[in-house]
Amino acid sequence: MGSLTLKNICKTFGKVEVLHNIDLEVEDGEFVVFVGPSGCGKSTLLRIIAGLEDATSGDVIIGGERVNHLPPSKRGIAMVFQTYALYPHLTVKKNMSLGLKQAGESSAVIEERVARAARMLELEPYLDRRPAELSGGQRQRVAIGRAVVREPKLFLFDEPLSNLDAALRVNTRIEIADLHRRLGTSIVYVTHDQVEAMTLADKIVVLQDGYVEQVGAPMQLYNDPDNIFVAGFIGSPAMNFLDARLLDMPPDVRTIGLRPEAISLGDDGPIAGKISHLEHLGADTNVYVHVDDKLVTVRLFGQHDYEVGAAVRLCFSPGSVFRFDEQGKRIR
Amino acid sequence: MQRVRHNLLNRALAHAALITYTIIALFPVVIILINSFKTRKAIFRHPLQPPTPDTFSLIGYETVLKQGDYLHYFQNSLIVTVGSLFFILLFGAMAAFALSEYRFKGNTLMGLYLAIGIMIPIRLGTVAILQFMVAAHLVNTLTALILVYTAQGLPLAIFILSEFMRQVSADLKDAGRIDGLSEYRIFFRLVLPLVRPALATVAVFNMIPIWNDLWFPLILAPGEETKTLTLGSQVFIGQFVTDWNAVLSGLSLAILPVMILYVIFSRQLIRGITSGAVK
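Quick caveat, the model's predicted, so the values are computed rather than measured. (Residues numbered from 1 in each chain as written. Chains lettered and ligands numbered in written order. Predicted model: local features only at pLDDT ≥ 70, side-chain atom pairs only at ≥ 80, totals over all residues. Heavy atoms only, no water.)

Chemist: Break down the overall build of chain B for me, citing the residues and quoting the values.
Modeler: Each helix and strand counted, chain B has 13 helices and zero strands in total. Mapped in sequence order, the helices and strands of chain B form the string α-α-α-α-α-α-α-α-α-α-α-α-α. Relative to the globule expectation of 19 Å for 279 residues, the C-alpha radius of gyration of chain B, 23 Å, shows a markedly less compact shape. Each principal axis of the C-alpha distribution contributes one length, and for chain B these read about 75 × 70 × 30 Å. Looking at the 279 residues of chain B, the share that counts as buried comes to 40%. In chain B, of all internal contacts separated by at least 6 residues, the share reaching a separation of at least 24 is 73%. (Helix = DSSP H or I, 4+ residues; strand = E, 2+ residues; numbered from the N terminus. Rg over C-alpha atoms; globule rule 2.2 N^0.38 Å. Buried < 20%, exposed > 50% of the residue type's maximum accessible area, 1.4 Å probe, protein only. Contact = heavy atoms within 4.5 Å.)

What follows is the structure, encoded as structure tokens:
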């Protein structure tokens, strides 16, 4: 029995259908990430799981219990929001204990759980401060602490790192991964950033326009995408897509995909192009090559120097070419 | 250097404009105040002169406090104003919360309907209101006034407050729901404290017209028991003789409570007006 099951979830706002027949299974202790461009319905799906939004049809089952008609506080979930959403007039301690107090826990239990969460998140020095007196990273830790003390069956994270700066984002990402290892509770995590999805998830759910495009482990999606959308969304820099006529391909193949890291530059590759720009990153060098009117990204490891405008050929092994049909489906 | 001097000039001009406006705005108030402390003769001979030892007199205040039940009028005004403000803020905030927070059929229409009251003066309905109050046996009660003023203040209150409530973070309300707070607690404990500046703005905008109103007290509650301050002061204005000392003293006294309430609200008011303009 998994900790979360979604059965045939549909959601419409007025006449607009934003989620189409979503089925999903989250196993106990699994870290699942919903990823997709903005407007793909991932946040709506999370809000339906939380009970902040009603599904138009379908069932939400948490810990084996159908929770469609339960309010959010009775579903055994805890949620962390993008904007932290701390109660501005309460201290850190009261922010963390409010939910338990509402649930009617005894003050001894509340004290104990808040103290444990504060120790785990290194929030002990700040317990008597108000949110306005904390930095962004500390606020996000308080928000996580508020979720942890509820000891839920399922954690929900709604883009928790989007409001943090780049350095803090990496740190907090590691903290969340660490938290998941220690608590072992299932997590559903929403983000539009595929790097977060790749680094955190046991299982990624790629959404687009309210449809699930593919579900799988990060490496499975990277190595074996089902369609052109998933292939382009997962991986950074993104996959290059070229007209299939550049290569000798069967007639049903319309588009070919090449990962930037699968290409090298040489004199005898199958595709010719002209270097238009170079990016030196130290460990890698990104070379942008004009092929017809398309820009192809080539990621070379180590430091390389080329002249802009030089004619080159793209070299890659035939096995690294992804092939897609007219509808964007992968041809394996 | 050039820049600094330019800034100084700008600031001087801005201050000059503000000081001029302040003088114009305060002039009538100051005239009333200084004349209320003068003898009747001095009021008419030198209306702009401050009271001197020769012309100083408290006769106006003595008349006011002796004649009529001035303290009682005061109390009536205070009850009506505070009572109306309380209901305007309570019901206005509740309606605004519903309009800004919940999706339901006819939400926009309901908002428009409630806003129509801003454009149509309630005095147009005076006759109907009077008939209604007679039928409900509410004539000559303070309740009648509080009801009318609440109705009068609600449209603008709802309009202003719903705008402010839309700005309250949706995540915060959702966090409250996940923590198991009821909708009422979310409203009273999370949302209301965050829109306090807007509440103060609405309170001040409503307070002064209610305190100064003569129309409805005259029509709905002219009895001695329910007279408000503004209505009570009218006894000194006769058709042929007007006791100016008493009128000016009465008006001076009437300013006080509004001033006190304004000072209480003003810090919030300034925040309410400038929020949005300055982040």
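Chemist: Describe the interface of chain A and chain B, naming the residues involved and giving the relevant values.
Modeler: How big an interface is tends to be expressed through the accessible area that disappears when the partners come together. Counting residues at the interface gives 24 residues for chain A, matched by 16 residues for chain B. Taken together, the two surfaces of chain A and chain B that pack against each other cover about 1600 Å², and 58% of this comes from carbon and sulfur. One can count three salt bridges joining chain A with chain B. A salt bridge links Asp174(B) to Arg47(A), with the nearest nitrogen and oxygen atoms 2.6 Å apart. Taken together, chain A and chain B are joined by eight residue pairs in polar contact (both at pLDDT 80 or more). Elements that contribute at least two residues to the side of chain A that touches chain B include exactly α1 (42-50), β6 (77-80) and α2 (92-102) of chain A. Per-element accounting of the side of chain A that touches chain B gives the leading share, four residues, to α2(A). A per-class count over the side of chain A that touches chain B returns 13 nonpolar, seven polar and four charged. (Buried area = accessible area lost by both parts, 1.4 Å probe. Salt bridge = Lys/Arg side-chain N within 4 Å of Asp/Glu carboxyl O. Polar contact = N/O pair within 3.5 Å; in protein donor to acceptor, adjacent residues only side chain to side chain. Nonpolar A, V, L, I, M, F, W, Y, C, P; charged D, E, K, R; others polar.)

Chemist: Please provide a residue-by-residue account of the pattern of salt bridges, values included.
Modeler: Residue and element names in this part refer to chain A. For the structure on display, the rule yields 27 salt bridges over all chains. Residue Arg113 is joined to Glu151 by a salt bridge in which the shortest nitrogen-to-oxygen separation is 3.6 Å. Taken together, the positions of Arg113 in helix α3 (residues 107-120) and Glu151 in the loop between α4 (136-148) and β7 (154-158) put the pair 38 residues apart, joining distant regions of the chain. We classify Arg113 as buried; its relative accessible area is 14%. For Glu151, a relative accessible area of 43% corresponds to the partly exposed category. Measuring nitrogen to oxygen at the nearest pair gives 3.9 Å for the salt bridge that ties Arg119 to Glu124. What makes Arg119 exposed here is its relative accessible area of 51%. We classify Glu124 as partly exposed; its relative accessible area is 43%.

Chemist: Tell me what's going on with the packing of aromatic side chains, and back it up with residues and numbers.
Modeler: Residue and element names in this part refer to chain A. Within the structure shown, the criterion is met by 15 aromatic pairs over all chains. Ring geometry for Phe31 versus Tyr189: centroids 5.7 Å apart, planes at 45 degrees, classification tilted. Of this pair, Phe31 sits in strand β3 (residues 31-35) while Tyr189 sits in strand β8 (residues 186-191); the two residues are 158 residues apart in sequence, bridging distant segments of the chain. A connected cluster of aromatic rings, assembled from ring pairs, spans Phe31, Phe155, Phe157 and Tyr189. Against the face of Tyr87 rests Arg146, its NZ or CZ located 5.0 Å from the ring centre. Its end group placed over the ring of Tyr222, Arg259 keeps NZ or CZ at 4.1 Å from the ring centre. (Phe/Tyr/Trp six-rings, centres within 6.5 Å; stacked < 30°, edge-to-face > 60°. Lys NZ or Arg CZ within 6 Å of the ring centre and 35° of its normal.)

None of the figures reported here should be taken as evidence of function without further support.
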